[in-house]
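Architecture and fold: a report
Given next are the chains, with one letter for each unit.
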Amino acid sequence: MAEIQTIEVVMKRSKTGWARKLIFFPMAAFGFLGGALLCLTIVGIIPGFFIMAGSVGLVMAGLNYRQVKCPNCKKKNYVVSAVEDFKCSRCGNPTIIEWKKPRP
Ligand SMILES: [Zn+2]
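Residues numbered from 1 in each chain as written. Predicted model: local features only at pLDDT ≥ 70, side-chain atom pairs only at ≥ 80, totals over all residues.

**Focus: the overall build of the chain**
Across its full length, the chain holds 2 helices and 5 strands. Each helix and strand of the chain, ordered N terminal to C terminal, gives the series β-α-α-β-β-β-β. Sequence separation of 24 or more characterises 42% of the internal contacts of the chain that already satisfy a separation of 6 or more. (Helix = DSSP H or I, 4+ residues; strand = E, 2+ residues; numbered from the N terminus. Contact = placed C-beta atoms within 7 Å.)

Next up, the structure:
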């Protein structure tokens, strides 16, 4: 049985932690609603779809998604900051993440 690999990832420093969430989430919610309304007008389906997709991206950024590399197959995976482990989306191998505090 293969041993579970561990990688070290430096945590992102969040200067604007709560402030960013406070701005990001209403913006994303507003964008998502705006995009949904555009989709309802038929002619606005395409821009509306992109606005909605952008809003989802904003929420993901607000949740502090991090890109980590699978040590096994080098595939880039996205994980939420501070999760203990992730499963690679390509090879399915579990990897433990050790979060390191950034040096000031
Ligand atoms: Zn992998």
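**Looking at the sheet that holds strand β4 (residues 85-87)**
Strand order across the open sheet formed by 3 strands is β1-β5-β4, with mixed pairing between neighbours. Looking at which strands have only one partner, the edges of the open sheet turn out to be β1 (5-10) and β4. On average, adjacent strands in this sheet sit at an angle of 35° to one another, irrespective of strand direction. In terms of strand pairing, β1 meets strand β5 (residues 94-100) through 6 bridges, oriented parallel. Bridging from a neighbouring strand, Val9 pairs with Trp99 of β5. (Pairing = 2+ DSSP bridges. Axes fitted to C-alpha atoms, helices over the stretch in contact; angles between N-to-C directions.)

**Points about helix α2 (residues 45-62)**
Over its 18 residues, α2 extends 25 Å from the first C-alpha to the last, a length consistent with the 26 Å expected when each residue adds 1.5 Å. Taken together, the buried positions of α2 are occupied by Gly48, Ile51 and Ser55. Projected down its long axis, α2 shows its buried positions confined to an angular sector of 60°, all on one face. Exposed residues on α2 whose side chains face more than 90 degrees from its buried face are Ile46, Phe50 and Ala61. (Expected span 1.5 Å × (residues − 1). Buried ≥ 20, exposed ≤ 12 C-beta atoms within 10 Å, placed from the backbone. Arc of directions from axis to C-beta.)

**A word on the environment of Val9**
With respect to the helices, strands and loops of the structure, Val9 is situated in strand β1. You can call Val9 partly exposed: it has 16 C-beta atoms within 10 Å. Here Val9 is in contact with Arg66, Val68, Ile97, Trp99 and Lys100, once residues within four sequence places are set aside.

**Thoughts on the pairing of β5**
Residues in a regular strand project their side chains so that they alternate between the two faces of the sheet. Strand direction decides the pairing type here: β4 and β5, joined by 3 bridges, are antiparallel. Of the residues in β5, the one forming a bridge with Phe86 is Thr95. What sits between β4 and β5 in their antiparallel hairpin is a turn of 6 residues, with Gly92 showing a positive phi close to 75°.

**What to know about the environment of Met27**
One can find Met27 in helix α1 (residues 17-40). Between the C-alpha atoms of Met27 and Gly48, which are 21 residues apart in sequence, the distance is 15 Å.

**Let's talk about the pairing of strand β2 (residues 65-69)**
Where β2 meets strand β3 (residues 76-80), 5 bridges bridge the pair, whose relative direction is antiparallel. What sits directly across from Lys69, in β3, is Lys76. Connecting the antiparallel pair β2 and β3 is a turn made up of 6 residues, with Lys74 showing a positive phi of about 70°.

**Quick word on unusual backbone geometry**
Although it is not a glycine, Ile42 sits at a positive phi angle of roughly 60°. By the element assignment, Ile42 lies in the loop between α1 and α2. Judged by local crowding, Ile42 falls into the exposed class, with 8 C-beta atoms found within 10 Å. Even without glycine at this site, Lys74 takes up a positive phi of about 70°. Here Lys74 is to be found in the loop between β2 and β3.

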